[in-house]
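What follows is the residue order along each chain.
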Amino acid sequence: MKHILLAITLLISLHSFAQKKEKKIDPAFKYIYKEATLETDDYNIYIIDAVAVGKYVKFKIKIFNKTNDYLLVKPAEINYIYEGKTIFCRDKNFVIQPNEEETEVLDFKGTDMQTDKFTLELKGIYKASAGGQITQVPNFDLPPTKNEFTEGNFSCTLKKNESVTAKAFAKFECIYTGDGIGIMSPNKSVAIMPNGTDNPNAKKNKTMILERGKSDDFTAVFNEVVNAGDLQKSTISIKWNETFRESKLVKLNVAKVEMVLLTIKK
């Protein structure tokens, strides 16, 4: 009897081993997953168009920010988990503006990615107060009398500029060196025209969030205003208002989303 049981056990083990060995990644097959949603007090998340092809999984992640603050998403801290295996994402950080929505495509590359289900561990979602401390920056003249300025924990360099009758523009690159996060909102800047009136920045820049040592660039564009002065022949001054401010990042609670196979297509 013992020999019979041993033989049966051996056969089962060999069969299981053969099944595992037979499982191969076939890029000809596309694993399509059901859409998934997650809601918290701070955001709603929608995972859509999730597919596994060959050795990677990709999907769209749509996040609606329910708060009056900024949300910073770090994809490198979002984990793909399956049978004890964890794979990290390498996509860039992105920001969701207060009470707005953002959609990004995330990719996870590894082996044996075609599976019936997997878990997304959402570790990398942070909140940054839209308040914070405003950094007062002196006005900047166009045409420029200097190409750089540093105020508080922001250092900016003028990369390109031009002033003609129809418009004046300036492109800046700024780095944040503080211990919190730097918030740059170029849309809050205006140009003081030769007649003293304010001319809003016509370039629709999204607010940027900079961690320590990180940089980003933005462009300020000021269009011609009738009877306010010739942009080519006169000097205008960029008044920054609340363009630069500092705040703190607060890491939100870790959430998980279960992704389940919908169908397989070839």
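Worth saying up front: this structure is predicted, and the values here are computed from it rather than measured. (Residues numbered from 1 in each chain as written. Predicted model: local features only at pLDDT ≥ 70, side-chain atom pairs only at ≥ 80, totals over all residues. Heavy atoms only, no water.)

The subject of this paragraph is the overall build of the protein. In terms of regular secondary structure, the protein is built from one helix and 25 strands. Against the 2.2 N^0.38 benchmark of 18 Å for 266 residues, the protein shows a C-alpha radius of gyration of 27 Å, more extended than a compact globule. Expressed as lengths along the three principal axes of its C-alpha atoms, the size of the protein is roughly 105 × 35 × 30 Å. In the protein, which comprises 266 residues, the proportion classed as buried is 41%. Here the analysis covers contacts within the protein between residues at least 6 apart in sequence; of these, 69% occur between residues at least 24 apart. Summed over all atoms, the accessible surface of the protein reaches about 15000 Å², with 50% contributed by carbon and sulfur. (Helix = DSSP H or I, 4+ residues; strand = E, 2+ residues; numbered from the N terminus. Rg over C-alpha atoms; globule rule 2.2 N^0.38 Å. Buried < 20%, exposed > 50% of the residue type's maximum accessible area, 1.4 Å probe, protein only. Contact = heavy atoms within 4.5 Å. Areas by Shrake-Rupley, 256 points an atom, 1.4 Å probe, with all protein chains shown as cover.)

Let us now look at the environment of Gln136. Looking at the secondary structure, you find Gln136 in the loop between strand 12 (133-134) and strand 13 (140-142). Distance from Gln136 to Ile32, taken between C-alpha atoms, is 51 Å for residues 104 residues apart in sequence.

All right, on to the nonpolar core then. One finds Tyr43, Ile45, Ile47, Phe59, Phe108 and Met259 to be the most contacted residues of the largest nonpolar core, which totals 34 residues. Tallying contributions element by element places strand 3 (residues 43-53) first for this core, with five residues. Counting residues in hydrophobic clusters, the runner-up holds 26 residues, among them Val137, Cys156, Ala191 and Met208. (Core = buried A, V, L, I, M, F, W, Y, C linked by side-chain atoms within 4.5 Å.)

On to the pattern of salt bridges. As enumerated under the stated definition, the model contains eleven salt bridges in all. Here Lys74 makes a salt bridge to Glu211, at a shortest N to O gap of 2.8 Å. Here Lys74, found in the loop between strand 5 (70-73) and strand 6 (78-82), pairs with Glu211, found in strand 20 (residues 208-211); they are 137 residues apart in sequence, far enough to count as distant. The buried category is assigned to Lys74, whose relative accessible area is 12%. (Salt bridge = Lys/Arg side-chain N within 4 Å of Asp/Glu carboxyl O.)

Along the chain, Gln114 falls in the loop between strand 9 (101-109) and strand 10 (117-122). Take Gln114: its relative accessible area is 5%, and that puts it in the buried class. One polar contact links the side chain of Gln114 to the main-chain carbonyl oxygen of Phe29, over a distance of 2.8 Å. (Polar contact = N/O pair within 3.5 Å; in protein donor to acceptor, adjacent residues only side chain to side chain.)

Take the sheet that holds strand 17 (residues 181-184) next. On the basis of which strands lie adjacent, the open sheet formed by four strands has the order 12-23-17-20 and antiparallel pairing. For this open sheet the edge positions go to strand 12 and strand 20, each flanked by a neighbour on one side alone. Where strand 12 lies against strand 23 (residues 244-247), two bridges are found, and the strand directions are antiparallel. What sits directly across from Gln133, in strand 23, is Glu246. (Pairing = 2+ DSSP bridges.)

Taken together, the four strands give an open sheet; going across it, the order is 13-22-18-19, and neighbouring strands pair in antiparallel fashion. Each edge of the sheet is formed by a strand with only one pairing partner; in this case those strands are strand 13 and strand 19 (198-200). Between one strand and the next, the sheet's axes are offset by a mean angle of 35°, whatever the strand orientation. Of the pairings in the sheet, the one linking strand 18 (residues 190-192) to strand 19 comprises three bridges and is antiparallel in character. Residue pairing across strands places Ile192 opposite Asp198, the latter belonging to strand 19. (Axes fitted to C-alpha atoms, helices over the stretch in contact; angles between N-to-C directions.)

The next subject is the pairing of strand 3. The buried fraction of strand 3 is high, at nine of eleven residues. Both strand 1 (residues 30-33) and strand 3 contribute to a ladder of three bridges, which runs antiparallel. Counted as the bridge partner of Ile32 is Val51 from strand 3. Sheet analysis places strand 2 (residues 36-39) next to strand 3, joined by four bridges and oriented antiparallel. Note on strand 3: the bridge partner recorded for Leu38 is Ile45. The turn joining strand 2 and strand 3, which pair antiparallel and follow one another in sequence, is formed by three residues. Pairing of strand 3 with strand 4 (residues 56-65) involves nine bridges; the strand directions are antiparallel. Residue pairing for strand 4: Val51 is matched across the bridge by Lys58.

With that settled, the discussion passes to the confidence of the model for the protein. For the protein, mean pLDDT is 90; residues scoring 70 or higher make up 90% of the total. Long-range and interchain partners of residues 5-23, a stretch whose pLDDT sits below 50, account for three contacts in this model, where long-range means more than four residues apart. (pLDDT = per-residue confidence, 0-100.)

Before going further, it helps to examine the packing of aromatic side chains. In total, this model carries 15 aromatic pairs according to the counting rule given. Here the aromatic rings of Tyr80 and Phe108 are separated by 6.3 Å at their centres, their planes lie at 35°, and the arrangement is tilted. With a gap of 28 residues between them, Tyr80 in strand 6 and Phe108 in strand 9 connect regions that are remote in the sequence. Taken individually, Tyr80 and Phe108 each receive the classification buried, so the pair is uniform in this respect. (Phe/Tyr/Trp six-rings, centres within 6.5 Å; stacked < 30°, edge-to-face > 60°.)

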